[in-house]
Amino acid sequence: MEAIEVNRLSKYYGKLKAVDDISFSIKKGEICGILGPNGSGKTTTIKCICNLIIPNSGEIKVFGEDNKKSTEYISALFEGTRNLYWKLTPRENLRYFAGIRGFGGKKVERHIDELLDRFNLSDKKDTMVNNLSRGMQQKVAIAMTLVCDTEIILLDEPTLGLDVQSHIDIKEALMDIVSSMNKTILLSTHDMNLVQDICKDVVILNKGKIVAQDSVEALMDMFRSMTYEIVLTESLSRDDEKYLSNLGYDFYFVNNGTKIEVDISEVNEIYAIIDSLKGKSIFIKEIKQKDNNFERIFLNITNGEVE
Ligand SMILES: Nc1ncnc2c1ncn2[C@@H]1O[C@H](COP(=O)(O)OP(=O)(O)OP(=O)(O)O)[C@@H](O)[C@H]1O
Ligand SMILES: [Mg+2]
């Protein structure tokens, strides 16, 4: 079942197409990443889904219903640090956010204790949020999206601006949510490792348009088969480099010409390249598919237009 369906969504600011005719969907219980360079429309999309921004056109359905009628299924964490009341403690914040959505009483109090415990915040539950570290504040903000137990969680840049340790803590907290609570999550981020580690599917935006949309695994596979690394027994001469450059492949000469990297579109091409090297008596020490990571894939798809 689709938890979220975004259908031909567009949002303009004057002439600027912040979101330009995008469609995607997320199945119940799955976690989808939304990626893109700065200004590509991630936050606008998330705000449209939770009905904070009214789009110019398109429709958004949440569990099959128009999103204007289904906000009770959604909790959201927005980018930046304004998700919490700084003068309240974590416990008071969670109680307040549950309260404004109509939840209260002993059951909620128990749930708040459980959440704070889950995120290792029990000993800080009565400390003013203002006096917590940035990472702890972010964990409280994530706990806040869980306190009403909604089916859908929207997270806009949950790891932005955190130090290494807080980053690990937040990643673990998110992995915990993914593995032990059956939530549907849409997560925007610039953090490719986070996407690689926790997202099943990914939507990549550039200038308001979708430029790729697939499972993380499929994108990794697709690009894995395309980049080869050829280590040579000795450096290439200038003439050899020139000769290879004229063969029509995308060669990158690295390590002072002792290594060639090449992006190919069909596996057979690698045999033709090996033959060409052999013909020139250029000897190969090692040949392997280059380890890929999501960052490289992202740069490939968005043509490196990342700020
Ligand atoms: N309220 C607004 N008024 C005018 N333009 C806006 C407004 N909000 C966003 N925009 C523009 O819409 C485009 C998309 O912005 P959005 O915030 O959705 O991008 P983003 O992908 O979340 O970027 P970032 O990675 O920087 O958070 C940008 O060009 C931005 O300047
Ligand atoms: Mg944003």
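Quick caveat: nothing in here was measured; it's all calculated off a predicted structure. In this numbering scheme, every chain counts its residues from 1 along its sequence in written order. By the order in which they are written, chains take letters starting at A while ligands take numbers starting at 1. Side-chain atom pairs in this predicted model are given and counted only at pLDDT of 80 or more, local residue features only at pLDDT of at least 70, and totals for whole chains, interfaces and linings cover all residues. In computing side-chain values, all of the structure's heavy atoms are included and hydrogens and water are not.

## Considering the coordination of the magnesium ion (ligand 2)
Around a metal, the perfect tetrahedron of four donors has angles of 109.5 degrees, and the perfect octahedron of six donors has angles of 90 or 180 degrees. Thr43 (OG1) and Glu79 (OE) make up the full set of protein donors to the magnesium ion (ligand 2), lying at 2.0 to 2.7 Å. Separated by 36 residues along the polypeptide, Thr43 in helix 1 (residues 42-49) and Glu79 in the loop between strand 6 (74-77) and helix 2 (90-100) bring together distant segments of the chain. Summary of the burial criterion: residues with accessible area below 20% of their type's maximum are buried, those above 50% are exposed, and those between are partly exposed, where the area comes from a 1.4 Å probe applied to protein chains only. Judged by relative accessible area, Thr43 falls into the buried class, the value being 17%. Each metal site lists N, O and S donors within 2.8 Å (3.2 Å for Na, K and Ca). With water left out of the atoms, a site can look as if it is missing ligands. Put simply, DSSP H or I for four residues or longer makes a helix, DSSP E for two residues or longer makes a strand, and each gets a number counted from the N terminus.

## Thoughts on the site of ligand 1
Any residue with a non-hydrogen atom lying within 4 Å of a molecule or strand is treated as near it. Around ligand 1, 14 residues are found, and the nearest of them are Asn38, Gly39, Lys42, Thr43 and Thr44. Residue Asn38 places a side-chain N or O atom 2.9 Å away from an oxygen atom belonging to ligand 1. With the chains in place, 61% of the 640 Å² that ligand 1 exposes on its own is no longer accessible. When residues of the shell around ligand 1 are assigned to their parent elements, the largest contribution, 3 residues, is made by helix 1. In this classification, the charged set is Asp, Glu, Lys and Arg, the nonpolar set is Ala, Val, Leu, Ile, Met, Phe, Trp, Tyr, Cys and Pro, and all remaining amino acids, among them Gly, are polar. Residues of the shell around ligand 1, tallied by class, amount to 4 nonpolar, 7 polar and 3 charged. Throughout this description, a polar contact denotes any pair of N or O atoms lying within 3.5 Å of each other; where both atoms belong to protein, one of them has to be capable of donating a hydrogen while the other can accept it, and for residues adjacent in sequence the pair is counted only when both atoms sit in side chains. Accessible surface is estimated by sampling points in the Shrake-Rupley manner with a 1.4 Å probe; for residues, cover comes only from the protein chains shown.

## Description of the sheet that holds strand 13 (residues 259-263)
Across the sheet, which stays open at both edges, the 4 strands sit in the order 12-13-11-14 with antiparallel pairing between neighbours. A single partner strand is all that each edge strand has here, and the edge strands are strand 12 (250-254) and strand 14 (284-289). Ignoring which end each strand starts from, the neighbouring axes of this sheet average 20° apart. Note: two strands are recorded as paired if DSSP finds a minimum of 2 bridges between them. Pairing between strand 12 and strand 13: 5 bridges, direction antiparallel. If you follow Phe253 over to strand 13, its bridge partner there is Ile260. Here an axis means a line fitted to C-alpha atoms, over the contact stretch when the element is a helix, while the angle between two N-to-C directions is reported on a 0 to 180 degree scale.

## Description of the packing of aromatic side chains
Centre distance within 6.5 Å is the pairing criterion for rings of Phe, Tyr and Trp, where only the six-membered ring of Trp is used; planes under 30 degrees apart are then read as stacked, over 60 as edge-to-face, and the remainder as tilted. Taken as a whole and judged by the stated rule, the model has 6 aromatic pairs. Taking the centre distance of 5.8 Å and the plane angle of 65° together, the rings of Tyr249 and Phe251 count as edge-to-face. Classification of Tyr249 by relative accessible area gives partly exposed; the value is 22%. When the centroid spacing of 6.1 Å and the interplanar angle of 20° are considered together, the rings of Phe251 and Phe253 count as stacked.

## Some thoughts on the domain arrangement of the chain
By convention here, the domain bounds are inherited from an automatic or database domain assignment. As assigned here, the chain comprises domain 1 (2-214) and domain 2 (225-301). Taking only C-alpha atoms into account, the centre of domain 1 sits 42 Å from that of domain 2. Counting from both sides, the interface comprises 10 residues of domain 1 and, opposite them, 5 residues of domain 2. Accessible surface is computed with a 1.4 Å probe, and the buried area is the amount of it that two parts give up when combined, taken over both parts together. Considering only the side of domain 1, the residues that lose the most area to domain 2 are Met192, Gln196 and Ile204, jointly responsible for 62% of the buried surface there. By definition, residues are in contact when any of their heavy atoms lie within 4.5 Å.

## Section: the pattern of salt bridges
Definition used for salt bridges: Asp or Glu carboxyl oxygen within 4 Å of a side-chain nitrogen of Lys or Arg. Using the criterion set out here, one finds 18 salt bridges in the structure. Between Lys171 and Asp197 there is a salt bridge; the shortest N-O distance is 2.4 Å. With Lys171 in helix 5 (residues 164-180) and Asp197 in helix 6 (residues 192-198), the pair connects residues that are 26 residues apart, well separated along the chain. Beyond isolated ion pairs, a larger network of salt bridges with shared partners links Arg91, Asp113, Lys125 and Asp126.

## Brief notes about the pairing of strand 10 (residues 209-215)
With 6 bridges joining them, strand 9 (residues 201-206) and strand 10 adopt antiparallel strand pairing. For Leu205, the partnering residue across the bridge sits in strand 10 and is Ile210. What sits between strand 9 and strand 10 in their antiparallel hairpin is a turn of 2 residues, with Lys207 showing a positive phi close to 50°.

## A look at the nonpolar core
Within the largest apolar cluster, 48 residues are counted, with the highest numbers of intra-cluster contacts made by Leu174 and Phe294. Per-element tally for this core: the top contributor is helix 4 (residues 134-146), with 6 residues. Residues lining this core come from more than one domain, with at least three contributed by each of domain 1 (2-214) and domain 2 (225-301). Sequence-distant contacts of Leu174, defined by excluding residues within four places in its chain, comprise Ile142, Leu155, Pro158, Leu187, Leu194 and Ile198. The nonpolar core is taken to be a set of buried Ala, Val, Leu, Ile, Met, Phe, Trp, Tyr and Cys residues, with the residues joined through side-chain atoms within 4.5 Å.

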